[in-house]
Amino acid sequence: MNEKEIFERICRGDEKALELLYKKYYRMMTKMVISNSGTEEEAMDVYQDALIVFWQKANSGSLVLTSKMSTYIYSICQNLWRKELERKKRLSNEEKDSAVSQNMDAPERERIIRQCIEQLGDTCKQVLMYYYFEELSMQDIADKMGFANTDTAKTKKYKCKQKLDELVKAQYSEQDFLD
Amino acid sequence: MAAERDFELLDDYIANRLSATDKIAFEKRLAEDIDLQRAYDLQQHIATGIRNARKAELKALLMAVPVPSSPTSSFTKWAGFSTVALLLGISVYFYFKPAPAPMEVAAEEQTVVPQKPAVSEKSTIQQPTEMESPVDAQELKPKDEVGIPAKKPLEEKSATPRKLDVFDPSEELTDDEENMDATLPGESKTTHEVATASRITTEVDKTNRKYGFHYVLNNDKVTLYGSFENNLYEILEFFSGEKRTVFLFYKDNYYLLDEGTEVKRLIPVNDPALLKKLMEYRNK
């Protein structure tokens, strides 16, 4: 499969194509991090994050490739690794203490939301992920989920979101996170 | 609380679906309306949570993809190839050496592992395996992530060839199957040598934000972090004397599980020889 085909399949949300792409450039991308004082685990992390960014942009339709796909992904890896190095540098300085003390509730809030998402059915979860992460249009969501039309997709998304809101609010109230 | 009619507008704003002019107008309202700000904060948390959950799903998908081993320096590659060539040469020599070979090998085995005299009978079978072990060890252990139990540093080796204390399932494959135990979650097999059911229990934590494809193996309990599909994973337990080596099988990949209290990332086994042996065992 050539680059163009892989890209087209990724734009259509084909996860197999993403796996193929991951394998194809694994060495090239991780080498960049490893040869710039990163560990293998960090290299893998950065490459995966870069591919997720690429996937999200390609799926949302906001990506117009003007260079080779590998060049584009490589530049995302470079940017992410540069940010990570800066973050490490900041943490090693005196800012470390203040950063730790900030926003202690954030991880707990995230955990609650994650739990509530798990309580939704698979269809709801998928619809909300397509809407908020892949940023698909209602037409695309309807096509992918096999809904009759965009109105069905809209209603489904609305109901799923309402359900998630209720679950989160109930949990937040218990934990005193709501103002 | 923001009015019901604002819900859709707020949602479109958070999902980045407003036109430029609508966005400016909404931001103006947001700056002035405290109730709307509160609703916005909550909705923003939820949307971020959904995005992070999807990221974790994709990350778990990528983690399960077998990848080539990490890039190494040319010297390491050269040294690796040389070692493999040398070991292959030695193993071929011993393997094809006629009649006197078993005697010599048996004698050598006795000096290497004096506490296991009974092994001499198996020595002709084990010989090629021993030659493969150092290769397996290198392939298996990418930096510190995948720990191999009780691997000894090179400096401790004596002049005589010593067996690396690295798990090699081929030993057990050539022996009886009874000292091995593979269990599906929630089920167990009894074994002859161990004479107990597998004690390993498994638990999946899908809610942890920090760990997307990780594990802890501690006190006979495996905790898997990530979106693992129920009942699609298997724990493979191998016993070699007192030593236990545990592998996870999930979606066509094998992962070596190192015992300890630390949460570690699951890294697929890439070594073709080890994979072949694990597959052979699992398919029995």
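Structure: see above.
A quick note: this is a predicted structure, and the numbers were derived from the prediction, not measured.

A. Looking closely at the state of the cysteines. All names here are of chain A. With the rule as written, the count across this model stands at one disulfide over all chains. Across the disulfide, C124 is cross-linked to C160 (sulfur-sulfur distance 2.1 Å). The sign of the S-S torsion, about -80°, decides the handedness of the disulfide formed by C124 and C160: left-handed. Here C124, found in helix α8 (residues 122-132), pairs with C160, found in helix α10 (residues 150-174); they are 36 residues apart in sequence, far enough to count as distant. For C124, a relative accessible area of 10% gives the class buried.

B. Examining the pattern of salt bridges more closely. Under the counting rule described, the total for this entry stands at 24 salt bridges over all chains. In this structure, D45 of chain A engages R265 of chain B in a salt bridge whose closest nitrogen and oxygen atoms are separated by 2.9 Å. With D45 of chain A in helix α4 (residues 40-60) and R265 of chain B in strand β8 (residues 264-265), the pair connects residues from two separate chains. Exposure remark for R265 of chain B: the relative accessible area of 6% places this residue in the buried category. Salt-bridge contacts for D220 of chain B lead to R244 of chain B; the nearest nitrogen and oxygen are separated by 2.8 Å. Taken as a pair, D220 of chain B in the loop between β3 (213-218) and β4 (221-226) and R244 of chain B in strand β6 (residues 243-250) lie far apart in primary sequence, 24 residues in all. Taking relative accessible area as the criterion, D220 of chain B reaches 22% and is therefore assigned partly exposed.

C. Quick peek at the interface of chain B and chain A. Contact residues are listed per partner, giving 43 residues for chain B and 51 residues for chain A. Of the roughly 4,700 Å² buried between chain B and chain A on both sides combined, carbon and sulfur atoms contribute 62%. For chain B, the biggest contributors to the area lost against chain A are I50, R54 and L62 of chain B; these three give 14% of the whole. Put simply, E15 of chain A and R54 of chain B hold a salt bridge, and the shortest N to O gap is 3.1 Å. Taken together, the connections running from chain B to chain A amount to 14 residue pairs in polar contact (both at pLDDT 80 or more). Secondary-structure elements contributing two or more residues to the side of chain B that touches chain A are α1 (4-14) and α3 (34-63) of chain B.

Rules of the game
Residues numbered from 1 in each chain as written. Chains lettered and ligands numbered in written order. Predicted model: local features only at pLDDT ≥ 70, side-chain atom pairs only at ≥ 80, totals over all residues. Heavy atoms only, no water. Disulfide = S-S within 2.5 Å. Helix = DSSP H or I, 4+ residues; strand = E, 2+ residues; numbered from the N terminus. Buried < 20%, exposed > 50% of the residue type's maximum accessible area, 1.4 Å probe, protein only. Salt bridge = Lys/Arg side-chain N within 4 Å of Asp/Glu carboxyl O. Contact = heavy atoms within 4.5 Å. Buried area = accessible area lost by both parts, 1.4 Å probe. Polar contact = N/O pair within 3.5 Å; in protein donor to acceptor, adjacent residues only side chain to side chain.

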